[in-house]
Amino acid sequence: MFATDLDDTLYREIDFVMSGYRAIGLELDKNNIMAADDAINILKSAEDTWHGIDNLVAKIWLNHHDTKFSTEWILNLYRTHKPDINFREGVRDTLKTIADTGQKIGIITDGRSSTQRVKIEALGLLDFVTPENIIISEEAGGDKTTPIPFEKLKSNNPDEKHFLYIGDNPAKDFRWPNAMGWTTVELKDVEGKNIHSQAIYVPENFKAQYVITSFSDVLKLVAKA
Ligand SMILES: [Mg+2]
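Scoring rules and cut-offs
- Residues numbered from 1 in each chain as written.
- Predicted model: local features only at pLDDT ≥ 70, side-chain atom pairs only at ≥ 80, totals over all residues.
- Helix = DSSP H or I, 4+ residues; strand = E, 2+ residues; numbered from the N terminus.
- Rg over C-alpha atoms; globule rule 2.2 N^0.38 Å.
- Buried ≥ 20, exposed ≤ 12 C-beta atoms within 10 Å, placed from the backbone.
- Contact = placed C-beta atoms within 7 Å.
- Domains from an automatic or database assignment.
- Nonpolar A, V, L, I, M, F, W, Y, C, P; charged D, E, K, R; others polar.
- Arc of directions from axis to C-beta.
- Core = buried A, V, L, I, M, F, W, Y, C linked by C-beta atoms within 7 Å.
- Pairing = 2+ DSSP bridges.
- Axes fitted to C-alpha atoms, helices over the stretch in contact; angles between N-to-C directions.
- Parallel < 35°, antiparallel > 145°, perpendicular 65-115°, else oblique.
- Left-handed = near helix turned anticlockwise from the far one by under 90°.

1. Notes on the overall build of the protein
Looking only at helices and strands, the protein has ten helices and six strands in total. Taking 225 residues into account, the globule formula puts the C-alpha radius of gyration at 17 Å, and the protein, at 19 Å, falls close to it. With the C-alpha coordinates aligned to their principal axes, the bounding extent of the protein is approximately 60 × 35 × 30 Å. The 225 residues of the protein split such that 36% are buried. Once local pairs closer than 6 in sequence are excluded, the contacts in the protein between residues at least 24 apart make up 65%.

Structure follows, in structure tokens:
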């Protein structure tokens, strides 16, 4: 069975972040709170999304007391907006090739149910994956630092003998599937665009067995698995 991570494996997570910033900017503009570009610039210039939203809310409340645009409201819009995201190069064709060979596809992703589901919907992943094989940490009751999501996919597919998992984050993507005897594959971020750096120290058992630089290269390993 072919299992894959979502963020920074199937699409660029930075595209989701920028899409969220645009959604926030447009909403503030529409409500005459602030020009969209000004809001987007405040968000982009912060060290991360959370600080950016804090800075933005501070700015909004300088001029608009008693507005509904609180930190919580803006975060909710960010997490639930319909994102403008697309598969990375080669991903759609690769998933189609795998599905065409009759192999099942699963997703194991960490995050909130609502946010991960709008991403899955926007990418059209339900063309390739059946609902029971979408494992989202918030729904599964454990993230990838635990065996829980991997075991859930395995127990949902008792007839499958071989599992392959492709992801991008050595901090948590490969430790448990390695321990469970799965084939593990790291998609190397050659453009330096990933949200989570791959240049971190991890023990040997956290490392993927294979490292590839293009998603479609995984087809060679699928054939072996
Ligand atoms: Mg990832």
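The structure having been displayed, the exposition proceeds.
2. What to know about the domain arrangement of the protein
Looking at the assigned domains, one finds that the protein contains domain 1 (2-12 + 85-224) and domain 2 (14-80). Domain 1 and domain 2 are separated by 31 Å when their C-alpha centres are compared. If you look at the interface, domain 1 gives ten residues, while domain 2 gives six residues. Its residues assigned to classes, the side of domain 1 that touches domain 2 comprises four nonpolar, two polar and four charged.

3. Things to note about helix H2 (residues 36-45)
Each turn of an α-helix holds 3.6 residues, which means side chains three or four residues apart point in the same direction. Residues of H2 that are buried: Ala39, Ile40, Ile42 and Leu43. The buried residues of H2 occupy one face: seen down the axis, they fall within an arc of 160 degrees. Residues Asp37, Lys44 and Ser45 are exposed on H2 and point more than 90 degrees away from its buried face.

4. Section: unusual backbone geometry
Its identity as a non-glycine residue notwithstanding, Asp8 has a phi of 60 degrees, on the positive side. One can find Asp8 in the loop between strand S1 (2-4) and helix H1 (13-30). C-beta crowding within 10 Å serves as the criterion here: with 22 such atoms nearby, Asp8 is assigned to the buried category. With a phi close to 55 degrees, Asn32 is a non-glycine residue in the positive phi region.

5. Details of the nonpolar core
Counting residues in hydrophobic clusters, the biggest one holds 34 residues, and the most contacted among them are Ala3, Ile108, Ile135, Leu164 and Tyr165. When residues of this core are traced back to their parent elements, those giving at least two are S1, helix H5 (91-100), strand S2 (105-109), strand S3 (134-136), helix H8 (148-156), strand S4 (164-167) and strand S5 (183-187). Core analysis: the second largest hydrophobic core is formed by 15 residues, Ile40, Leu43, Leu56 and Tyr78 among them.

6. A short note on the sheet that holds S2
One open sheet accounts for six strands, arranged S3-S2-S1-S4-S5-S6; its pairing is parallel. Of all strands in the sheet, those bounded by a partner on one side alone are S3 and strand S6 (210-212). Taken pair by pair, the neighbouring strands of this sheet meet at an average axis angle of 20 degrees, ignoring direction. Strand direction decides the pairing type here: S2 and S3, joined by three bridges, are parallel. Bridging across to S3, Ile107 finds its partner in Ile134. In the packing of H8 onto the sheet, the strands contacted are S1, S2 and S3, and the crossing angle to S2 comes to about 160 degrees.

7. Describing the pairing of S4
Taking every second residue as pointing to the same face, both faces of S4 are buried, with Leu164 and Ile166 on one and Tyr165 and Gly167 on the other. Note that S4 and S5 share four bridges and pair parallel. Bridge pairing links Gly167 to Glu186 in S5.

8. What about the packing of H1 against helix H4 (residues 71-80)?
Where H1 contacts H4, the axes come no closer than 8 Å and their chain directions differ by 130 degrees. Here H1 lies oblique to H4, going by the angle between them. Two packed elements cross with a definite hand, and for H1 against H4 that hand is right-handed. Across from Gly20, Ala23, Ile24 and Glu27 in H1, the residues of H4 making contact are Ile74, Leu77 and Tyr78. Taken together, the residues of the contact of H1 with H4 break down into five nonpolar, one polar and one charged.

9. Points about the packing of H1 against H2
Between H1 and H2, whose axes approach to 8 Å, the crossing angle comes to 140 degrees. At the point where H1 passes H2, the crossing takes the right-handed sense. Contacts between H1 and H2 involve Tyr21, Arg22, Ile24, Gly25, Leu26, Leu28 and Asp29 from the former and Ala36, Asp37, Ala39, Ile40, Leu43 and Lys44 from the latter. By residue class, the composition of the contact of H1 with H2 is eight nonpolar, one polar and four charged.

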